[in-house]
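This is what each chain is made of:
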Amino acid sequence: SNTANDTAKANLYNLIASLWAGSNPDKNKEYGEKILKIGEKTGIGKYKALGFFKLGIYYYTLGQMDSARVNYLRALILAKNNNRLQLEAVIHQNTGLVYERTGEYVNAIEENISALKIQESFKNELAAASLKNNIGIIYIKQHDFVLAEKYLLEAFAYLSKSPNPGSLCYVYQNLGLIESN
């Protein structure tokens, strides 16, 4: 059926957009727009949300924070309306990056904590550890070293027993920032 074909295309475009996100923002945008068009054509909110999310990444990469925020908000509304909690968590996390980059640290923490609550509800410990590391970084930027250390040690506790502790070096580095202050 056309819907099955469109769904397969949207999933493929999502993968392609993800692969291009870091190295070729224009390709990421191109495939994000294709996903959005499929979402609009089929009425499938998940794809509309993914399309706006990819556009948010595009604008974030270009440093256009207002446009990134608008697209992330559109994506978040659609993700919530379609009960896509994992997507909602990632959108909150990326919105937190926008707020962090613009120095709006309170909002950045709120977005990361929203994402953290969702990831913890799914028992996704690796994602939760990454978010705790992000929150710790934001608290360092605010010179709140007590809360920074709390979140970084929680991230450390999980990552140190993880079968793939590759991110542990980042937590060590961030704990070192506390000690140097």
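Heads up: the structure comes first, above all this text.
Residues numbered from 1 in each chain as written. Predicted model: local features only at pLDDT ≥ 70, side-chain atom pairs only at ≥ 80, totals over all residues. Heavy atoms only, no water.

### Details of a nonpolar patch on the surface
A surface patch of nonpolar side chains, amounting to about 320 Å² of accessible area, comprises Leu12, Leu15 and Leu19. Counting through the fold element by element, Leu19 comes out in helix H1 (residues 2-20). (Patch = residues over 30% accessible without salt bridge, like charges linked within 9 Å, V, L, I, M, F, W, Y side chains within 5 Å. Areas by Shrake-Rupley, 256 points an atom, 1.4 Å probe, with all protein chains shown as cover. Salt bridge = Lys/Arg side-chain N within 4 Å of Asp/Glu carboxyl O. Helix = DSSP H or I, 4+ residues; strand = E, 2+ residues; numbered from the N terminus.)

### A look at the nonpolar core
Counting residues in each nonpolar core, the largest one holds 27 residues, and the members touching the most others are Phe52, Phe53, Tyr72, Leu87 and Ile91. Every element with two or more residues in this core is listed here: H1, helix H2 (25-42), helix H3 (45-61), helix H4 (65-81) and helix H5 (85-101). Counting residues per element, this core draws most heavily on H3, which supplies 9 residues. Setting aside residues up to four positions removed in sequence, Tyr72 forms contacts with Phe53, Gly56, Ile57, Tyr60, Ile91, Asn94, Thr95 and Val98. Counting residues in hydrophobic clusters, the runner-up holds 24 residues, among them Ile118, Ile138, Tyr158 and Leu159. (Core = buried A, V, L, I, M, F, W, Y, C linked by side-chain atoms within 4.5 Å. Buried < 20%, exposed > 50% of the residue type's maximum accessible area, 1.4 Å probe, protein only. Contact = heavy atoms within 4.5 Å.)

### Description of the packing of aromatic side chains
The geometry of an aromatic ring pair is captured by two quantities: the separation of the ring centres and the angle between the planes. A complete count under the given rule lists 5 aromatic pairs for this structure. Their ring planes at 50 degrees and their centres at 5.6 Å tell us that Tyr13 and Tyr31 sit as a pair that is tilted. Note that Tyr13 is positioned in helix H1 and Tyr31 in helix H2, a separation of 18 residues in sequence. Assigned by exposure class, Tyr13 and Tyr31 land together as buried. Plain terms: the ring middles of Phe156 and Tyr172 are 5.4 Å apart, the flat faces sit at 70 degrees to each other, and that makes the pair edge-to-face. (Phe/Tyr/Trp six-rings, centres within 6.5 Å; stacked < 30°, edge-to-face > 60°.)

### Digging into the environment of Leu50
Following the sequence through the fold, Leu50 ends up in helix H3. With near-sequence residues (within four places) excluded, Leu50 lies in contact with Asn14, Ile35 and Leu87.

### A look at unusual backbone geometry
The phi angle at Asn83 is positive, at roughly 55 degrees, despite the residue not being glycine. Inspection of the secondary structure puts Asn83 in the loop between H4 and H5. Relative accessible area serves as the criterion here: at 60%, Asn83 is assigned to the exposed category. One non-glycine residue, His143, lies in positive phi territory at about 60 degrees. Within the fold, His143 resides in the loop between helix H7 (125-141) and helix H8 (145-161).

Read these as geometric descriptors, not functional statements.
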